[in-house]
Amino acid sequence: MTTPDLSVTVGGLELANPVLAASGTFGYGLDLDDLCPPERLGGVVTKGLSPKPKAGAPMPRIAETACGMLNAIGLENVGVDAFCRDTLPTLVERGVTVIVNVFGASPAEYRAVIQRCETAGGIAGYELNVSCPNVSSGGMEFGHDPALLEELTRLCRDATRRPLWVKLSPNAPDLVATARAAVAGGADALSLINTIRGMAIDPYRRRPELARTFGGLSGPAVLPIALRMVHEVHRALPAVPLVGLGGIETGLDAVRFMLAGASAVQVGTATFRRPDTMLRIIDELAAYCRKTNTDRAASLTGALEEIS
Amino acid sequence: MGRRNVTARLAARRDLTEDSFSLRLRLEGAFDRPIPGQFVMIRPAGGSQPFWRRAFSVAGFETDGAGGWLDLMVKIVGPATQAWHELPLHTPVEVLGPLGAGYPVDQAHGRLALIAGGIGLPPLVYAIPGLARRGVRWDLYLGAATASRLVGLEECSRLADTSGGRIIIATDDGSAGERGLIPVVLERRIDAGELYDSLWSCGPMAMLRAVAEVARRRHIEAQLALEERMACGLGVCLGCVVPAAGGGHLRVCREGPVIDASRIDWSRM
C-alpha cells in the first residue's frame, strides 16, 4: 500500500502527525534539536511557562521507580518573556507547531502568559497546566475543582482565539466532572493525563527520595491508568477531542491511546530514556498503519471494538 | 554539539578494587572525541532496566579506522552499577554522548593540582595526556578511605613516569600515603609553599565543597566535576540542578558537570 496519511486534526488544529512532545520533557523546543528535530514532530508542548521566571523546587527533584520515575521539579522555567524573545522566533521560522503550556499562581497569571504570547504571534495553541495550586483561593489545585476549572478556562478562552487545551489531572476526585468543566469553560481539547502523585523512600537513610516528599509518577508504570482515563472521558464526552499521554514508549502504545479515543498523543518520559523515541514512534505508527491497511491514522481515534 | 546516541558493545571489564571496575566499550562508527570531564549516559541495549541510563565520566578514548574505544570506571553503589559488573561481554550497549561541559584543557597553563576522591579519577586521568602536551605541570592528589580503595594507582604511576607529574596519596586511616582528608593534605602543601594556577577536582560533593573552600581562601581558581542524579543527561529534565551564585540554577548535565567553583552558591547547596 502507499504511504499512510499520519495527519490528524485536534479540535481544529491540524498536525502533520499525531506525536507531540509533552510539556517538561523537551525543554522549550530546541533543546534536543540535534537528536530529535522538532519540525519532524506533530508538535511541541513547551515547558510550562509562568509570567515571571521561576526557580522551582529544592533538590533532590527526581527518583527512579519500577518502570517509571517521580519528579518534583516545581515548574522551574525561564518565564514567558524569555521564551517569546529567545526561542519562539526560531521555532516559528522552522515551521514547528508550538503549543505553549501555561500555568500561574492565580487566574490572572494564566491570562497574563497567554496575553504575552498573543503579542508574539506564531503560536499554534495553548495547553493549560491546571495541576497547580491556586494561591488566590487557598491553594486548591485548579484541576481538582470543577467550578474553579471552568472559571479559569473561560478567562483564558476570552484571552485568545487560538486552540485552547486543558491538561487534566489524574489526581482530581472526579475526572469526568473536571473534563466537563473544562469543556464548559471553552476548551477545544483535553490532554490527559498529567503525572500521578506518588512517593519513594530511601530505606537506609529513612528519608523520602524527593525534597518535596511527594512527586508526580510518569513512565510505563502509569500507562494502563492513563489509557483507562482517556477511554472514560471519551465515553462520557465522545465529541470532545482528546490528546492522550502517560507512559507511551512505542508506536503501538500510541495506537492504543488513539483506539481508546485520543486524536493525538504526547510522549514525555520516554524522551529522557532515549532522545529520538518520538521519531521511532512516528515510524512505528506508519508501520502499524501499513500492516493493518489503515490509510489514515486519524481513523484510529475511538476505533476500539468492545468485547461482545 | 556533537551529541550522538549510538550502539556499542561491552568489549572488556577489569576489576580495580573490591568495589570498582573499569569498562571498555567498542563504538562502531562516528563518535566525537570527548573533552576530559564530559560524560556519557549508558544502559544495556533493548532492556527495560535500569529505567534511566546511568552517567559515567569518560576515563579514556581512542579511535582506530573502524570506530572508537571508550573507557569508563564504575564504583558499585547499587543494583544498576552491580549489573554492569555482571553484564556478559559483547552485550550491546546504548551510549549517549559526549555530554556536558568538560575541563578547560585548552586554557590550562602553569601548574595544576588534580584532586580525585572516591571514584573521581576518570576525568583527571583522561586529562593528563592533553595537559602534558601543553607543557602543563601537574600534581595528582589521590584520596580514599583506606589503601585498598585507592583506584587506578598503577595507571597514575605510569602517567607520572611518562609525563612528569607527581602523585600525592592520602587515606583517611593513614594506611597509604599521608593520613587525612585530601583537601586538608592539599591545603597543608599550599601552606608549605606549593603554588598552583588552578585546582581541578572530581569526587564526592563533601570533598568538592572542601576544595572550593581551599580555593576561595587561597585565591586559586577551582574547576569541579559534579555528580548528580540524572534522568536525561541532556538538559531537559531539570533533575540535576545546583544553585548558581547570583540566583537560579546550573544544570550539572549541561552547564556542568565541570563548573567553576565560584559559579556555585554553596550556601544554598
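Please refer to the structure higher up on the page.
Computed from a predicted model, the values in this text were never measured in an experiment.

S.K.: What is the right way to look at a nonpolar patch on the surface in this model?
M.R.: A surface patch of nonpolar side chains, about 290 Å² in accessible area, is lined by Met199, Ile201 and Phe214 of chain A. If you trace the backbone, Phe214 of chain A turns up in strand 14 (residues 214–218).

S.K.: Explain the sheet that holds strand 8 (residues 137–144) of chain B here, please?
M.R.: The strands that make up a sheet pair up through hydrogen bonds in the backbone, lying either parallel or antiparallel. Residue and element names in this part refer to chain B. Overall, mixed pairing links the 7 strands, which are arranged 10-9-8-7-11-12-15 in an open sheet. Strands with a single pairing partner mark the edges of an open sheet, and in this sheet they are strand 10 (178–179) and strand 15 (258–260). Relative to strand 15, strand 12 (residues 221–225) is paired through 3 bridges, and the arrangement is antiparallel. Across the sheet, the residue bridging to Leu224 is Ile259, located in strand 15. Along the sheet face, helix 3 (residues 153–163) touches strand 8 and strand 9 (166–171) and points at about 165° away from the line of strand 8. Relative to the sheet, helix 4 (residues 182–191) contacts strand 7 (111–117), strand 8, strand 9, strand 10 and strand 11 (198–202), its axis offset from that of strand 8 by approximately 145°.

S.K.: Just to check I follow, could you spell out the sheet that holds strand 3 (residues 39–44) of chain B for this structure?
M.R.: All names here are of chain B. Taken together, the 6 strands give a closed barrel; going around it, the order is 1-2-5-4-3-6, and neighbouring strands pair in antiparallel fashion. Neighbouring strand axes in the sheet, compared pairwise and without regard to direction, differ in orientation by 45° on average. The pairing of strand 3 with strand 6 (residues 92–99) spans 5 bridges and is classified as antiparallel. For Met41, the partnering residue across the bridge sits in strand 6 and is Leu96. Strands strand 4 (54–64) and strand 5 (67–75) of the sheet are contacted by helix 2 (residues 122–133), whose axis makes an angle of about 25° with strand 4.

S.K.: Could you clarify how one ought to interpret the interface of chain B and chain A in this entry?
M.R.: As a measure of interface size, the accessible area lost when the parts come together is often cited. Facing the 29 residues of chain B at the interface are 32 residues of chain A. Across the chain B to chain A interface the summed buried area is about 2500 Å²; carbon plus sulfur atoms make up 57%. Our count for the chain B to chain A interface comes out at 4 salt bridges. With its nearest N and O atoms 2.8 Å apart, the salt bridge here joins Glu209 of chain A to Arg229 of chain B. Summed over the shared surface of chain B and chain A, the number is 13 residue pairs in polar contact (both at pLDDT 80 or more). Its residues placed into classes, the side of chain B that touches chain A shows 14 nonpolar, 5 polar and 10 charged.

S.K.: I tried to follow the environment of Leu23 of chain B on my own but got confused; where do I start?
M.R.: Residue placement: Leu23 of chain B occurs in strand 2 (residues 20–28). Spatially, the C-alpha atom of Leu23 of chain B lies 10 Å from that of Trp69 of chain B, the residues being 46 residues apart in sequence.

S.K.: Mind showing me how you'd approach the pattern of salt bridges here?
M.R.: When the charged atoms of two side chains lie near each other, side chains of opposite charge can form a pair. Within this structure, the stated rule accounts for 42 salt bridges over all chains. Of the charged contacts in the structure, one is a salt bridge between Arg61 of chain A and Glu76 of chain A, with a shortest N-O distance of 2.7 Å. Placement of Arg61 of chain A in the loop between strand 4 (43–45) and strand 5 (62–65) and of Glu76 of chain A in the loop between strand 6 (68–71) and helix 1 (80–93) is noted, with a sequence separation of 15 residues between them. Of the two residues, Arg61 of chain A and Glu76 of chain A, both sit in the buried class. Salt-bridge contacts for Glu62 of chain B lead to Arg24 of chain B; the nearest nitrogen and oxygen are separated by 3.4 Å.

S.K.: What am I meant to see in the packing of aromatic side chains here?
M.R.: Two descriptors summarise a pair of aromatic rings, namely the distance from one centre to the other and the angle between the planes of the rings. Residues and elements named next belong to chain B. Applying the stated rule across the entire model yields 5 aromatic pairs over all chains. Each ring, one from Phe31 and one from Phe61, has its centre 6.2 Å from the other, and the planes form 40°; the classification is tilted. You can see Phe31 sitting in the loop between strand 2 and strand 3 and its partner Phe61 sitting in strand 4, a full 30 residues away along the chain. Its relative accessible area of 9% is what places Phe31 among the buried residues. According to the relative accessible area criterion, Phe61 is buried, its value standing at 7%. Seen from their ring centres, Tyr103 and Trp200 are 4.8 Å apart, and the 10° between their planes marks the pair as stacked.

S.K.: Please clarify how the nonpolar core should be interpreted in this entry.
M.R.: In summary, soluble globular proteins display a tendency toward joint burial of nonpolar side chains. Counting residues in hydrophobic clusters, the biggest one holds 135 residues, and the most contacted among them are Leu190 of chain A together with Leu199 of chain B. Here this core takes 7 residues from helix 8 (residues 277–291) of chain A, the largest share from any one element. Here this core gathers at least three residues from each of two domains, domain 1 (4–99) and domain 2 (105–225) of chain B. The residues touching Leu190 of chain A, leaving out its near neighbours within four places in the chain, are Val166, Leu168, Ala179, Ala182, Val183, Val233, Val240, Pro241, Leu242 and Val243 of chain A. Within the second largest apolar cluster, 30 residues are counted, among which are Leu114, Trp138, Ala176 and Trp200 of chain B.

S.K.: Please explain unusual backbone geometry as it appears in this structure.
M.R.: Note: most residues except glycine have negative phi, and most peptide bonds are trans. In the segment running from Leu192 of chain A into Ile193 of chain A, the intervening peptide bond is cis, with an omega of 15°. Secondary-structure assignment places Ile193 of chain A in the loop between strand 10 (189–192) and strand 11 (196–199). In this structure, Pro98 of chain B follows Gly97 of chain B across a cis peptide bond, with omega equal to -10°. When you line up the elements, Pro98 of chain B lands in strand 6. Residues other than glycine seldom take positive phi values, yet Cys67 of chain A does so here, at roughly 55°. Among the secondary structure elements, Cys67 of chain A is positioned in the loop between strand 5 and strand 6. Positive phi values are uncommon outside glycine, yet Arg206 of chain A reaches one of about 55°.

S.K.: Quick question: what am I supposed to make of the pairing of strand 7 of chain B here?
M.R.: Each regular strand displays side chains that alternate between the two surfaces of the sheet. All names here are of chain B. The buried fraction of strand 7 amounts to 7 of the 7 residues, a majority that puts the element mostly inside the structure. Side chains Arg111, Ala113, Ile115 and Gly117 of strand 7 all project onto a buried face; the interleaved residues Leu112, Leu114 and Ala116 project onto the opposite face, where all are buried too. Two strands pair when backbone bridges link them, and strand 7 and strand 8 are joined in this way by 7 bridges, in the parallel orientation. Of the residues in strand 8, the one forming a bridge with Leu114 is Leu140. What joins strand 7 to strand 8 is helix 2, and the crossover it makes is right-handed.

Conventions used here
- Residues numbered from 1 in each chain as written.
- Chains lettered and ligands numbered in written order.
- Predicted model: local features only at pLDDT ≥ 70, side-chain atom pairs only at ≥ 80, totals over all residues.
- Heavy atoms only, no water.
- Patch = residues over 30% accessible without salt bridge, like charges linked within 9 Å, V, L, I, M, F, W, Y side chains within 5 Å.
- Areas by Shrake-Rupley, 256 points an atom, 1.4 Å probe, with all protein chains shown as cover.
- Salt bridge = Lys/Arg side-chain N within 4 Å of Asp/Glu carboxyl O.
- Helix = DSSP H or I, 4+ residues; strand = E, 2+ residues; numbered from the N terminus.
- Pairing = 2+ DSSP bridges.
- Contact = heavy atoms within 4.5 Å.
- Axes fitted to C-alpha atoms, helices over the stretch in contact; angles between N-to-C directions.
- Buried area = accessible area lost by both parts, 1.4 Å probe.
- Polar contact = N/O pair within 3.5 Å; in protein donor to acceptor, adjacent residues only side chain to side chain.
- Nonpolar A, V, L, I, M, F, W, Y, C, P; charged D, E, K, R; others polar.
- Buried < 20%, exposed > 50% of the residue type's maximum accessible area, 1.4 Å probe, protein only.
- Phe/Tyr/Trp six-rings, centres within 6.5 Å; stacked < 30°, edge-to-face > 60°.
- Core = buried A, V, L, I, M, F, W, Y, C linked by side-chain atoms within 4.5 Å.
- Domains from an automatic or database assignment.
- Right-handed = clockwise from strand over helix to strand, strands pointing away.

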